[in-house]
Amino acid sequence: MRIKFTETVLRDANQSLIATRMPFERFKEILPVMDVAGYYSIECWGGATFDACLRYLDEDPWERLRKINAVCRNTKLQMLLRGQNLLGYRHYPDDAVELFVKKSVENGIDVIRIFDALNDLRNVETATKAALKAGAEVQGTICYTISPIHDISSYLETARGWKKLGVQTICIKDMAGIMSPKAAHDIVKALEEEVGLPISVHTHATTGLAFMTYLEAVKAGCDIVDTAISCFSGGTAQPATETLNYVFGEYGYETGLDPKALRKINDFFKTYRNECMRDGLLNPIVLATDTEALDYQIPGGMLSNLVAQLTAQHKLDKLDEVLAEVPNVRKDLGYPPLVTPMSQMVGVQATSNVLFGKYKNISKEIKAYLKGEYGKAPGQVNAELQKSVLGDEQPITCRYADLLEPIVEKTRKELGSLAQSDEDVLSYIAFPQLAERFFKEREEKKARKVKYSITKVETNS
Ligand code: CO
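In this text the structure is predicted, and so the values were computed from the model without any measurement.

## Observations regarding the pairing of strand E3 (residues 76-81)
Reasoning step 1: Across the six residues of E3, five count as buried, placing the element largely inside the fold.
Reasoning step 2: When E3 meets strand E4 (residues 111-114), the two strands line up parallel, connected through four bridges. Within E4, the residue paired with Gln78 across the bridge is Val111.

What follows is the structure in structure tokens.
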């Protein structure tokens, strides 16, 4: 019996606890140890890392990936990809999706966990085909949620769709930490019996269920769990790697993890964790167990975002009201699972409804959603709300990307010498303003360096 571990400290735990602000320089030293610790994979890219690198950390996300890959030669590198949304918040044309996936694999990614926020598999087909073609392992993802319209049979249907696409693994992604041990057991069992692919389970410790959930999932036949090294675990992040390694070991599972290496990794990150706590980057609130999420279904990153948003507006006292409004907005939208970008869209709309009045302001993303630009809503949307947005216009029923013109060649021409590679072109397609600022600063830095070395030569002579 073997159970594999995916370590999330560089991506999901980093994202959930400290809004993805961990710079490469802060973890590069520990990579050689992480590479031999016995993890099945290290989740280190995708999700918000790409955005955060460009926006806050002055890092080229592609270069970060290459640097990690240069050190981690034994362990698979994993990323999270939002299907047709890539790492952004809207749908991209197929040519951009194909090139992005190809380049991700070329730069070092081995495992791509692909999902669509609505479990609309039309939105993952292009990315999946490109990933398989590039030789990556694809984890076809089911976004887990609780709603009147989601049940085992709907998850099985999604999993069968993934199997048809040819993926190697099925991932049950519980971004809100609301999957109970019993639910995990039942779903994993059903998937095992009826789909037969290896299963990975992803959850968050937010509600306190996670350890039990993983244990039941593993007993039912789950093959891979997502965990975070203990000092970056718990709360809105994943449960602790060391703890689960200990427990599974007792049950006779082979985990392949080296406890000594895990201790080194934990000691290393502890210094940084303490620093984050001291300077306020890590707010203790996200480390606490919050059972309200069982009602509100707020995923890890979303809760910390809402707290940050409301704090910035000096309206943190409205948090409870906003949390109570989230399920209402969700119902109006046909019960989308609360995962990026839906979690942000629902969060922002719920905040706006509380602060300014019900649907007084409707974000352009929610409008696009109601038009069908994100795909098929899992359930019925509020017809009145949809009508108020669309007027006499008909909603889109085809795959939205079918309506989009190719973009890669056009962008390449537009950027000219500002882009030095296809990776640059893709950064620009994903985050135009951020990438452009980054490229310009890169040029300036280079110019300064040249000037400096010339001055130096002159002084020397
Ligand atoms: Co997650």
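Having seen it, we continue.
## Re the state of the cysteines
Reasoning step 1: Across all of its chains, the model carries zero disulfides by this definition.
Reasoning step 2: With no disulfide of its own, Cys53 has Cys44 as its nearest cysteine by sulfur position, at a separation of 10 Å.

## Some thoughts on unusual backbone geometry
Reasoning step 1: Even without glycine at this site, Leu86 takes up a positive phi of about 50°.
Reasoning step 2: Mapped onto the elements of the fold, Leu86 is located in the loop between E3 and helix H6 (94-106).
Reasoning step 3: A residue is classified by how much of its surface remains accessible, and Leu86, at 1% relative accessible area, is buried.
Reasoning step 4: Look at His314: it is not a glycine, yet its phi comes out positive at around 55°.
Reasoning step 5: Within the secondary structure, His314 sits in the loop between helix H14 (300-312) and helix H15 (319-332).
Reasoning step 6: Among the residues examined, His314 registers a relative accessible area of 71% and is labelled exposed.

## Topic: the coordination of the cobalt ion
Reasoning step 1: The coordination sphere of the cobalt ion contains the protein donors Asp12 (OD), His202 (NE2) and His204 (NE2), at a distance range of 2.0 to 2.1 Å.
Reasoning step 2: Each donor residue of the cobalt ion belongs to the same chain, and together they define the spacing D-x189-H-x1-H.

## Some details on the side chain of Arg273
Reasoning step 1: Relative to the helices and strands, Arg273 is located in helix H12 (residues 259-278).
Reasoning step 2: Despite its burial, Arg273 pairs with no opposite charge, the nearest such side chain being Asp267 at 9.3 Å.
Reasoning step 3: In terms of polar contacts, Arg273 uses its side chain to reach the side chain of Asn274, at 3.0 Å.
Reasoning step 4: What Arg273 contacts, discounting residues up to four positions off in sequence, is Cys231, Phe232 and Leu282.

Calculation criteria
Residues numbered from 1 in each chain as written. Predicted model: local features only at pLDDT ≥ 70, side-chain atom pairs only at ≥ 80, totals over all residues. Heavy atoms only, no water. Buried < 20%, exposed > 50% of the residue type's maximum accessible area, 1.4 Å probe, protein only. Helix = DSSP H or I, 4+ residues; strand = E, 2+ residues; numbered from the N terminus. Pairing = 2+ DSSP bridges. Disulfide = S-S within 2.5 Å. Donors = N, O, S within 2.8 Å, 3.2 Å for Na, K, Ca; no water. Lys, Arg positive; Asp, Glu negative; His and termini not counted. Salt bridge = Lys/Arg side-chain N within 4 Å of Asp/Glu carboxyl O. Polar contact = N/O pair within 3.5 Å; in protein donor to acceptor, adjacent residues only side chain to side chain. Contact = heavy atoms within 4.5 Å.

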